[in-house]
Structures are given as structure tokens and as C-alpha cells.
Amino acid sequence: MQNSQTNREQGPFLEEQIRECYGRVVYSHKTHERCADILLKRQSRIKIAQIVLSAGSTVGFISILFGSGEVGTIIGGGVSAVLLVLNGYTKDYDLGQLAQKHRQAAADIWLIRERYLSLLTDLRSNALTEDQVRIERNELLVELHSIYVGAPSTNFRAYSQAQNALKNMEDMTFSDEEIDTFLPNSLKKNEC
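It should be emphasised that the depicted structure is a prediction, and the values quoted were computed from it without experimental measurement.

Caption draft 1: Quick peek at helix H4 (residues 130-150). Here H4 spans 31 Å end to end across 21 residues, near enough to the 30 Å set by a 1.5 Å rise per residue. For H4, every residue scored as buried is listed here: Glu 130, Val 133, Glu 136, Arg 137, Leu 140, Leu 144 and Ile 147. Taken end-on, H4 shows its buried residues confined to a sector of 115 degrees, consistent with a single buried face. Every exposed residue of H4 that faces more than 90 degrees away from the buried side is listed here: Asp 131, Ile 135, Val 142, His 145, Val 149 and Gly 150.

Caption draft 2: Region of interest: the nonpolar core. Judged by nonpolar contacts, the single largest core of 19 residues is most densely connected at Ile 18, Val 25, Ile 112, Tyr 116, Leu 119 and Val 133. Listed by contribution, the elements that provide at least two residues to this core are helix H1 (2-65), helix H3 (95-124) and H4. Per-element accounting of this core gives the leading share, seven residues, to H1. When neighbours within four sequence positions are excluded, Ile 112 is seen to be in contact with Val 25, Leu 140, Glu 143, Leu 144 and Ile 147. Formed by nine residues, the second largest nonpolar core is a distinct cluster that contains Ile 46, Leu 53, Val 79 and Leu 83.

Caption draft 3: Here's a closer look at unusual backbone geometry. Of note, the phi angle at Asn 126 is positive, near 60 degrees, even though the residue is not glycine. With respect to the secondary-structure elements, Asn 126 resides in the loop between H3 and H4. Of note in this structure, Glu 170 is not a glycine but carries a positive phi near 50 degrees. In this structure, Glu 170 sits in the loop between helix H5 (156-167) and helix H6 (176-182).

Caption draft 4: Spatial organisation of the side chain of Glu 15. Along the chain, Glu 15 turns up in helix H1. Look at Glu 15 and you get buried, because its relative accessible area is 15%. Here Arg 124 takes part through its side chain, which lies 2.7 Å from a polar atom of the side chain of Glu 15. Excluding residues that lie within four positions of it along the chain, Glu 15 makes contacts with Leu 120, Leu 123 and Arg 124.

Conventions used here
Once a new chain begins, its residue numbering starts again from 1 and follows that chain's sequence as written. In view of the model being predicted, local features appear only for residues whose pLDDT reaches at least 70, and side-chain atom pairs are presented and counted only at 80 or more, with totals across whole chains, interfaces and linings using the full set of residues. Values shown for side chains rest on all heavy atoms present in the structure; no hydrogens or waters enter the calculation. Segments assigned H or I by DSSP are reported as helices when at least four residues long, segments assigned E as strands when at least two residues long, and all are numbered from the N terminus. To estimate how far a helix should reach, multiply one less than its number of residues by 1.5 Å. Accessible area is worked out with a 1.4 Å probe on protein chains only. A residue is then buried under 20% of its type maximum, exposed over 50%, and partly exposed in between. As used here, the arc is the angular range of directions from the helix axis to the C-beta atoms. Take the buried Ala, Val, Leu, Ile, Met, Phe, Trp, Tyr and Cys residues and link them wherever side-chain atoms come within 4.5 Å; each set so joined is a nonpolar core. Working rule for contacts: check all heavy atoms of both residues, and any pair within 4.5 Å makes them a contact. In protein, a polar contact requires one atom able to donate a hydrogen and another able to accept it; more generally it is a pair of N or O atoms within 3.5 Å, and residues adjacent in sequence count only if both atoms are side-chain atoms.

What is shown is where atoms sit, not what they do.
Take a look at the structure:
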């Protein structure tokens, strides 16, 4: 009983810090997911543009063969120049690979996020001593640091999308009814 009393007296400071860490990890996870989505969408648009420009270039040069002369040369040359610039941009940027790195970072951060949630649950239910909570918190910080060191940088656009998803679209929140739809009848909270 003495241990529980001590946890409640000193725990709010520790719990407050862990809650703050949890919140940052939730945002980090969602931001990396959004970065990956943005990059994959950009990659798709670039690929479509490359196909369209290649077709335009080919049509321009084929038109030269069928006698349109200068117009075909100008169109084909212009489109080819734009395609060259776009290909040069994509040569140095592998958006698919960068998106995959963001996906991997999000997956790694997801595990840390869930461990923070479990730690908060254990702290609230007094399942761990304060020293055990501190040890777990410190381990999580070290693991999170190693993930961040290898993760690509995020951007403001992805952060804004993550913020909107978490705050306004209530990503990561479920009603009891929603959770019940995923569970077998024996585990449902509400009667059907």
C-alpha cells in the first residue's frame, strides 16, 4: 500500500512527462505517414508527366516525318527539353525510396507509441513501481533517438496534414461502438 501511495504522490510529474512524450510520438508517427503519402503522390504525378511528355515528344518528332516541319520540330524540342529537366530532377531524387524510409520510420515509431501507451496504462494502474517506469521511459527515449537518427526529415506540409488528421478528423480515436464492431460478441462492451 505504501508503494501505491508513493506512486500517486510523485507519479503526476512522471506521468505528465510520459504523456508529453506520447503526444510527440503520436505526431511524429502520423507526420512520417503523411510524408510518405505526399512523396508517393508526387512520384505518381511525375511518372504521369514523364509519360505524357514522352508521348508529346514522340508525336512532335513523328510529325516532322509527315511534313509539318518547323512546328513539329519546335513542339518536339520544347517538350523534350521539359522532359530532360524532369528526368534530371528524378535522377537525384528517388521519391519512392524516400517514401519507403518514411514508412519504415512510421512503423518503428508506431511500436514506440504503443509502448508509451502501455507504460501510461501501467503507471495509472500502479502495475509498475516508479523506478520501473523510469527505466522503461529511459529505454524508450534511447530507442526513439536511434529511430530519429536514421529517419528522413519531415516537412511542415506533412505536419499540418498530421495535425488535421489527429485533431479534426479524430484519427486514432474510436467510440465504444466502433471498437465493438471489430470484436467478437464475447468481448464487446455494449450489447448488440
